[in-house]
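Breakdown of the fold
Here's the letter readout for the chains.
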Amino acid sequence: QKEVEQNSGPLSVPEGAIASLNCTYSDRGSQSFFWYRQYSGKSPELIMSIYSNGDKEDGRFTAQLNKASQYVSLLIRDSQPSDSATYLCAVINGGSARQLTFGSGTQLTVLP
Amino acid sequence: EAGVAQSPRYKIIEKRQSVAFWCNPISGHATLYWYQQILGQGPKLLIQFQNNGVVDDSQLPKDRFSAERLKGVDSTLKIQPAKLEDSAVYLCASSLVAWNNEQFFGPGTRLTVL
């Protein structure tokens, strides 16, 4: 069983629309949650971190966390072609291991 | 502020050969990580250092992989001997202190094993 699950996509949205990316995790003791953006051939770049239930907004990005449902999401408002990338959800597991575990990523394409 | 540096950027070797990768973390970052990212997958942690000590190497294939971080700054990751399935991008990341801190990635080394 995968510890962090994401829809692999591809997800296509028109320019200016809201892109919604979802992630579920299996370790109920997880405390820290991150979204990374990875352009093709590049390394992951941290775009959002969230540690408590609710919403966290940063510019056009909003991260949402629901620990009861073990669910994390990322909303991108006013999507731009430059947002086209793979988005990786990452979770720090609870317990002594405390590894940062990544999902396999969702490929997003914003169509001009 | 300079980012995480890695070299080489690309490496092509034949199976059973050895290879080494180098990483220089962001200045002042005590924690350094090596990840393996196979095409189409998310990065997988291989080893974590806190200063020059190993914190977690549970997913490092120790029969062929080794890593060190002398003096608590630069780090090297070695594969000896390489297998075809080692073809991947090897990413180095660093964070200021520990796991809850945000991790910043270097550009990676793309390894192809023929």
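As a convention, each chain's residues are numbered from 1 in the sequence order in which they are written. To read the labels, note that chains go from A and ligands from 1, taken in the order they are written. With pLDDT at 70 or above as the cut-off, local features in this predicted model cover only qualifying residues; side-chain atom pairs require 80 or more to be listed or tallied, and sums for whole chains, interfaces and linings still use all residues. Side-chain measures here rest on the full set of heavy atoms in the structure, leaving out hydrogens and waters.

**Description of the overall build of chain A**
Condition: Working definition: helices are DSSP H or I runs of at least four residues, strands are E runs of at least two. Numbering for both runs from the N terminus. As defined in this context, the radius of gyration uses C-alpha atoms, and a globule is described by 2.2 Å times the residue total to the power 0.38.
Looking only at helices and strands, chain A features 0 helices and 11 strands. Reading the secondary structure of chain A in the N-to-C direction produces β-β-β-β-β-β-β-β-β-β-β. In terms of overall dimensions, chain A is globule-like: its C-alpha atoms have a radius of gyration of 13 Å, near the 13 Å expected for 112 residues. Taken over the C-alpha atoms alone, chain A extends approximately 45 × 30 × 20 Å along its principal axes.

**Details of the nonpolar core**
The line we're drawing: To qualify as a nonpolar core, a set must consist of buried Ala, Val, Leu, Ile, Met, Phe, Trp, Tyr and Cys residues joined through side-chain atoms within 4.5 Å. We call a residue buried when its accessible area falls under 20% of the maximum for its residue type, exposed when it is over 50%, and partly exposed in between, using a 1.4 Å probe and counting protein chains only.
In terms of nonpolar packing, the biggest core is built from 23 residues, with A:Trp35, A:Val72, A:Leu74, A:Ile76 and A:Tyr87 touching the most fellow members. In terms of nonpolar packing, the next biggest core, distinct from the first, is built from 21 residues, B:Leu32, B:Ile47, B:Phe49 and B:Cys92 among them.

**Some details on the sheet that holds strand β1 (residues 5-7) of chain B**
All names here are of chain B. Selection criterion: When DSSP finds two or more bridges between a pair of strands, those strands are recorded as paired. The axes used here are C-alpha line fits, helices contributing only the stretch in contact, and every angle between their N-to-C directions lies in the interval 0 to 180 degrees.
The sheet built from 4 strands is open, its strands ordered β1-β3-β8-β7 with antiparallel pairing. The sheet is open, and its two edges are formed by β1 and β7 (65-68), each paired on a single side. Here the strands of the sheet are splayed against their neighbours by 15 degrees on average, with no regard to which way each runs. Here β1 runs beside strand β3 (residues 19-24); their pairing, made up of 3 bridges, is antiparallel. By the bridge assignment for β3, Ala-5 is matched with Asn-24.

**Looking at the pattern of salt bridges**
Residue and element names in this part refer to chain A. Convention followed: Any carboxyl oxygen of Asp or Glu within 4 Å of a side-chain nitrogen of Lys or Arg constitutes a salt bridge here.
For the structure on display, the rule yields 5 salt bridges over all chains. Residue Arg-37 is joined to Glu-45 by a salt bridge in which the shortest nitrogen-to-oxygen separation is 3.0 Å. Arg-77 is the partner of Glu-57 in a salt bridge, and the nearest nitrogen-oxygen pair spans 3.4 Å. With Glu-57 in strand β6 (residues 54-58) and Arg-77 in the loop between β8 (71-76) and β9 (85-92), the pair connects residues that are 20 residues apart, well separated along the chain. The exposed category is assigned to Glu-57, whose relative accessible area is 60%. We classify Arg-77 as partly exposed; its relative accessible area is 27%.

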